[in-house]
Amino acid sequence: MNASIRIPHSGYRITAEDALLLLQQDEETLLTRAANLRDHGHGRKVSYSRKVFIPLTQLCRDVCHYCTFAKAPKRLNQPYLTPKQVLEIAKAGQAAGCKEALFTLGDKPELRYREASEALEEMGYASTLEYLAAMSRLVFEETGLLPHLNPGVMSASEISMLREVSVSMGIMLETSSHRLSEKGGCHYGSPDKLPEVRLATIAEAGRQKVPFTSGILIGIGETRKERIESLLALRKLHEEFGHIQEIIVQNFRAKADTKMAHAPEPDISELRWSIAVARIIFGSEMSIQAPPNLSSGACADLVAAGINDWGGISPVTPDHVNPEAPWPQLDQLAIDSAKCSKILVERLGVYPMYAHQPAVWLHKPFHKPVRSAIDADGLVRESRWVAGVSAQPIPRIITTPGFIRDLSLDRVLSRASDGLELTQQEVERLFAARDGEVEPVLQAADAVRQKLCGDTVSYVVTRNINYTNICSYRCSFCAFAKGKKHEELRGKPYNLDPEVVADRAVEAWNRGAVEVCLQGGIHPSYTGQTYLDILSAIKTRLPDMHVHAFSPLEIFQGAETLGVSVDHFLGQLADAGLGSLPGTAAEILDDRIRVNLCPDKVNTQQWFDVIDSAHRRGIPTTATIMYGHIEQPVHWAKHLLGLRQQQQKTGGFTELVPLPFVHMEAPMYLKGHSRIGPTWREAVLMHAVSRLVLSPEIVNIQASWVKLGPEGVAQCLKAGVNDIGGTLMDETITRSAGAEHGQEMTPQAMESILAKANRPARQRTTLYADAKNERKVCSFNSLPQAS
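Our subject in this report is the structure included herewith. (Residues numbered from 1 in each chain as written. Predicted model: local features only at pLDDT ≥ 70, side-chain atom pairs only at ≥ 80, totals over all residues. Heavy atoms only, no water.)

**Looking at the overall build of the chain**
What counts is decided by this rule: A run of H or I in DSSP becomes a helix once it reaches four residues, and a run of E becomes a strand once it reaches two; helices and strands are each numbered from the N terminus. Between buried and exposed lies partly exposed: a residue is buried under 20% and exposed over 50% of the maximum accessible area for its type, with that area taken using a 1.4 Å probe on protein chains only. Contacts: residue pairs with any heavy atoms within 4.5 Å of one another. To measure how exposed things are, a 1.4 Å probe is used in the Shrake-Rupley method; for residues, cover is taken only from the protein chains shown.
Helix and strand content of the chain: 30 helices and 19 strands. By its C-alpha atoms, the chain is 95 × 55 × 50 Å across when sized along the principal axes. Taking all 787 residues of the chain together, the buried fraction comes to 62%. Across the chain, every contact between residues at least 6 apart in sequence was considered, and the portion connecting residues at least 24 apart equals 77%. For the chain, the exposed area adds up to about 29800 Å²; of that, 51% sits on carbon and sulfur atoms.

Right, here's the structure in full:
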């Protein structure tokens with residue numbers, strides 16, 4: 001048995017036989033193994049849900065001997081909360097920043113109490129659960145709160161009905177011991193507490209893909225062996241259906257006026273043992289929860305035992321099930337968590353794994369609200385900041401009092417600062433930085449920037465020319481490309497003649513530009529010759545203009561239409577005057593993401609193949625990453641490490657340009673298929689982590705003013721950024737997605753941003769040489785582009 005749990009993050013599943021042998025283990029060994037498992041699966045995060053508690057009815061047909069929630073009709077003013085009362089509670093929660101509406105109620109009271117059945121009949125409902133469905137829908141539609149339901153035992157049809165109006169449900173197994181349902185047991189006379197009945201409900205919820213909460217109640221007369229058996233029964237169902245999102249280990253609290261008023265409560269050692277055993281049985285990934293209000297002052301004990309979640313905490317309503325135990329204040333809970341070397345994070349009622357897969361786990365009306373509420377980790381977004389929106393403050397990333405630095409993070413930062421290649425796990429650790437961890441990451445990145453690039457910040461005078469917005473590809477994030485049905489998204493389709501493109505290039509030259517950046521949709525009539533003709537039109541009239549043009553997608557498509565290799569086509573383009581390639585079309589370089597993001601675009605290997613050929617021909621490229629949509633930090637890590645490895649082979653990347661997803665008009669967002677872009681923490685970390693991961697291979701890290709705005713760019717200058725991109729003159733793609741930061745940033749405006757940041761400015765060429773003085777003078781003497 002010792003060997004079976006000796007290595008806590010080996011992925012070993014403890015057998016049922018070995019689980020029973022945990023009864024013989026000393027507590028310290030169990031706690032250590034449980035804590036190690038928890039840390040492997042959840043790192044430093046300990047979560048909670050900000051909820052409002054809605055006790056729809058306190059009538060119940062069961063007579064559990066420890067319960068004060070359930071009351072007889074004569075002890076209640078009314079059988080059910082009215083819709084008005086439900087909404088009043090929900091709106092108070094909404095005003096207090098709650099995301100979850102927790103509906104709790106007694107089990108099928110209409111089967112026991114005439115008052116319940118008459119009240120339901122008067123309101124026009126056939127059952128308590130039908131009324132619950134109506135109130136759940138009402139709360140969601142009126143407040144946007146996401147309902148989590150504790151309906152009790154349910155049939156298949158009732159689960160199906162309630163799945164349509166909630167993001168998650170739950171029923172505590174409490175115990176799998178039949179003994180406690182016999183005479184003298186706490187569940188005697190409670191038909192809905194029979195273990196097989198509750199397990200059948202949990203199983204049916206799994207069949208119907210309902211994110212589900214369950215757990216055990218300790219100290220109600222069960223033995224430790226029976227606790228293990230209960231946990232194993234739940235694990236068996238989870239292994240079959242994968243739907244149990246958390247296991248609650250709840251300690252019995254004796255309450256006056258109950259049959260168990262004088263029963264002994266389990267002490268903290270008993271609770272620690274039970275939590276640790278639950279963690280070991282369920283492994284590193286499961287969320288294990290213990291309510292903090294039921295063990296006041298014992299947060300450290302609960303964390304030491306292996307929990308990673310505090311459950312729902314309400315800033316506005318009491319715990320109606322345990323009214324004698326008030327919720328902790330969230331600020332204090334954050335401090336208590338910090339003292340345990342943990343970071344308090346907020347989640348939704350539906351846990352991250354399920355929030356990331358709404359098409360599987362949620363009814364369609366919840367897809368967009370859930371995705372809009374979460375960050376890349378599936379947790380609640382820390383602020384309202386979104387990429388592309390002007391006149392919004394940059395959120396502060398606050399360090400919780402009592403925060404303890406993590407030595408393992410410091411070791412990763414030390415390795416990165418020395419320019420060593422990080423592992424994927426180390427890169428993910430950097431992206432996981434929150435709270436007081438963020439600032440050390442930003443400082444480390446900025447120190448590397450200062451060492452590698454100095455304090456001067458560069459920019460380039462350029463013009464973006466998007467030669468067509470007609471595209472035969474259907475990237476789900478793109479609001480720029482226009483097919484026949486896309487006129488509602490930012491204007492009508494167009495296709496510029498090569499000479500019109502050249503005219504715009506001449507206008508750019510006359511305004512001091514050293515570069516034109518050419519990109520567009522993949523027009524169905526375009527061939528590789530089209531790109532050659534565009535190049536020829538520009539270079540014939542402007543032989544000294546650097547043409548930065550055609551992403552790996554255009555290169556791949558152009559070569560294919562001409563029936564030549566990518567390498568051959570690149571040679572043709574170089575001979576025609578191509579100076580460099582934009583490394584766009586990268587999005588996220590992981591085909592598991594691309595299959596949904598851009599299924600008909602070049603795949604990851606094809607993108608790298610084009611880049612590799614370009615570099616080997618002496619054609620430099622930029623690199624990009626578009627983040628904040630459907631991907632997760634693991635994909636960011638793989639993407640950046642792939643770029644570093646390519647740079648080590650061919651050395652042709654001039655810079656990395658992180659591109660935060662702008663969601664407002666993106667088709668995938670409008671359909672509820674994406675998040676709403678990165679959070680501010682994710683955006684600033686992307687620049688900082690990119691600097692640390694790519695140093696010293698890729699020297700330049702650029703921030704996009706179009707997506708981040710001037711204030712966002714200024715903050716990124718303290719996080720490893722040494723370049724703020726181009727003046728652009730015409731910016732179409734990001735504005736098509738809904739961005740508000742304009743289409744041009746003049747040299748004067750660029751240098752004003754840098755002056756406010758106390759950073760010297762340098763006007764550069766595409767390849768990071770100093771721009772000629774004549775070009776600089778011309779750029780400063782030019783009037784802004786007419787809009």
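**Quick look at empty space enclosed by the protein**
Under the convention used in this document: Both site types are read off a 1 Å grid over the protein atoms alone. A 1.4 Å probe that fits but cannot get out defines a cavity, while an open set with protein on both sides within 12 Å along at least five of seven lines defines a pocket; lining residues have an atom within 4 Å of a point. Grid points are joined across faces, edges and corners, and a volume is the space filled by probe spheres set on the points. Only Asp, Glu, Lys and Arg are considered charged in this grouping, and only Ala, Val, Leu, Ile, Met, Phe, Trp, Tyr, Cys and Pro are considered nonpolar; every other residue, Gly among them, is considered polar.
Scanning the model with the defined rule gives two cavities of 30 Å³ or more in all. The calculated volume of the largest cavity comes to roughly 1000 Å³. Taken together, 49 residues make up the lining of the largest cavity; nearest its centre are Thr-104, Asn-150, Met-172, Gln-250 and Val-321. For the lining of the largest cavity, the secondary-structure elements that each account for two or more residues are strand S1 (45-57), strand S2 (100-105), strand S3 (146-150), strand S5 (212-218), strand S6 (244-251) and strand S8 (309-313). Looking at side-chain class alone, the lining of the largest cavity contains 20 nonpolar, 17 polar and 12 charged residues. Estimates place the volume of the second largest cavity at around 50 Å³. Lining the second largest cavity, in full, are Val-461, Arg-511, Thr-727, Met-729, Glu-744, Thr-746, Pro-747, Gln-748, Ser-779, Ser-782 and Leu-783. Classifying every residue of the lining of the second largest cavity gives four nonpolar, five polar and two charged.

**A short note on the nonpolar core**
Selection criterion: Side-chain atoms within 4.5 Å are what join buried Ala, Val, Leu, Ile, Met, Phe, Trp, Tyr and Cys residues into a set we call a nonpolar core.
Formed by 121 residues in total, the largest nonpolar core has its most connected members in Val-441, Leu-518, Phe-550, Trp-607 and Leu-643. Apart from residues no more than four positions distant in its own chain, Trp-607 is found in contact with Pro-552, Gly-583, Thr-584, Ala-585, Ala-586, Leu-589, Val-602, Leu-643 and Phe-653. Formed by 86 residues, the second largest nonpolar core is a distinct cluster that contains Ala-19, Leu-30, Ala-90 and Val-165.

**Points about the layout of surface pockets**
The volume enclosed by the second largest pocket comes to roughly 1500 Å³. Residue lining of the second largest pocket: 42 residues in total, with Glu-346, Val-380, Arg-381, Glu-382 and Ser-383 positioned closest to the centre. Looking at the lining of the second largest pocket, the elements that each hand over two or more residues are S1, helix H5 (128-143), helix H11 (330-339), strand S9 (343-347), helix H14 (367-373) and helix H26 (680-694).

**Considerations on the side chain of Arg-429**
The residue Arg-429 is located in helix H16 (residues 424-431) in this model. Residues contacting Arg-429, with those up to four places away along its chain left out, are Arg-44, Asp-406, Ser-408, Leu-409 and Glu-437.

**Some points on the pairing of S8**
Here is the rule we go by: Paired strands are those between which DSSP finds at least two bridges.
Extensive coverage of S8 is indicated by the burial of five of its five residues. Taken together, the three bridges between S1 and S8 define a ladder with parallel strand orientation. Each residue of the ladder has a partner; that of Ser-47, found in S8, is Asp-309.

**Observations concerning the packing of aromatic side chains**
The condition that has to hold: Each aromatic pair joins two rings of Phe, Tyr and Trp (for Trp, the six-membered one) with centres within 6.5 Å, and gets the label stacked for planes under 30 degrees apart, edge-to-face for over 60, and tilted for any other angle.
In this structure the tally under the stated criterion is 14 aromatic pairs. Ring plane angle 50° and centroid distance 4.9 Å describe the contact between Tyr-531 and Phe-550, whose orientation is recorded as tilted. Within this pair, whereas Tyr-531 is found in helix H19 (residues 528-541), its partner Phe-550 is found in the loop between strand S13 (546-549) and helix H20 (552-562), the two being separated by 19 residues in sequence. Of the two residues examined, Tyr-531 and Phe-550, each falls in the buried class.

**Some remarks on the packing of H19 against H20**
Note the threshold: In this description, a line fitted to the C-alpha atoms serves as the axis of each element, helices being fitted only across the stretch in contact, and the angle between N-to-C directions of two axes falls anywhere from 0 to 180 degrees.
Following both chains from N to C, one finds H19 and H20 inclined at 115°, their axes separated by 7 Å at the closest point. Of H20, the residues touching H19 (which contributes Gly-528, Gln-529 and Tyr-531) are Glu-554, Gln-557, Gly-558, Thr-561 and Leu-562. Looking at the contact of H19 with H20 residue by residue, the class counts come to two nonpolar, five polar and one charged.

**A short note on the side chain of Arg-449**
With respect to the helices and strands, Arg-449 occurs in helix H17 (residues 438-453). Those residues in contact with Arg-449 that sit more than four places away from it in its chain are Gly-454, Asp-455, Arg-691, Leu-717, Gly-720, Val-721, Asn-722 and Arg-759.

**Some remarks on helix H7 (residues 195-207)**
Residue pairs spaced three or four apart in an α-helix point in one direction, given the helix's 3.6 residues per turn. Convention followed: To estimate how far a helix should reach, multiply one less than its number of residues by 1.5 Å.
For H7, built from 13 residues, the straight-helix expectation of 18 Å at 1.5 Å per residue is met to within 8% by its first-to-last C-alpha distance of 18 Å. Among all positions in H7, only Pro-195, Arg-198, Thr-201, Ile-202, Ala-203, Glu-204, Ala-205 and Gly-206 are buried. In this structure, the buried residues of H7 make contact with helix H6 (156-163), S5, helix H8 (224-241) and S6.

**A closer look at the pairing of S2**
For a regular strand, side chains alternate in direction, first toward one face of the sheet and then toward the other. To keep it simple, the criterion reads: Here the term right-handed applies to a crossover when the path leading from its first strand over the helix to its second strand runs clockwise, the strands being oriented away from the viewer.
Counting buried positions along S2 yields six of six residues, so the element is predominantly enclosed. Residues Glu-100, Leu-102 and Thr-104 point to one face of S2 and Ala-101, Phe-103 and Leu-105 to the other, with burial holding for every one of them. As defined by bridge partners, S1 adjoins S2 across six bridges and the pair is classed as parallel. By the bridge assignment for S2, Val-52 is matched with Ala-101. Regarding topology, helix H3 (residues 83-95) serves as the crossover connection from S1 to the parallel S2, and that connection is right-handed. Bridge count for S2 against S3 is five bridges, and the pairing is parallel. Bridged to Glu-100 within S3 is Leu-146.

**Some words on the sheet that holds strand S15 (residues 621-627)**
Judged by pairing direction, the sheet is parallel, and its three strands sit side by side in the order S15-S16-S17 without closing on themselves. Each edge of the open sheet carries a strand with a single partner, namely S15 and strand S17 (700-701). Examined bridge by bridge, S15 and strand S16 (residues 653-660) share six bridges and lie parallel to one another. Note on S16: the bridge partner recorded for Met-626 is Leu-659.

**Quick word on the environment of Glu-439**
Its location among the elements puts Glu-439 in helix H17. Residues Glu-439 and Ile-398, 41 residues apart in the sequence, show an inter-C-alpha distance of 9.4 Å.

**Overview of the pattern of salt bridges**
Under the convention used in this document: When a carboxyl oxygen of Asp or Glu lies within 4 Å of a side-chain nitrogen of Lys or Arg, that pair is called a salt bridge.
Taken as a whole and assessed by the stated rule, the structure comprises 49 salt bridges. Lys-225 is paired through a salt bridge with Glu-229; the nearest N and O atoms lie 2.6 Å apart. Linking Lys-225 with Glu-229, this pair stays in helix H8, spanning four residues, or about one helical turn. The salt bridge involving Arg-541 is made with Asp-503; its shortest N-O contact spans 2.8 Å. Pair noted here: Arg-541 is in helix H19 and Asp-503 is in helix H18 (residues 498-510), with a separation of 38 residues, a long-range link. Assessed through its relative accessible area of 38%, Arg-541 is described here as partly exposed.

**Some words on the state of the cysteines**
What counts is decided by this rule: Throughout, a disulfide means two cysteine sulfur atoms within 2.5 Å of one another.
In this structure the tally under the stated criterion is zero disulfides. In this model Cys-340 remains outside any disulfide bridge; the closest cysteine sulfur is found in Cys-299, 6.6 Å from its own. Cys-778 carries a free sulfur, and the closest cysteine sulfur to it, the one in Cys-517, is 20 Å from it. By relative accessible area, Cys-778 is classed as buried at 19%.

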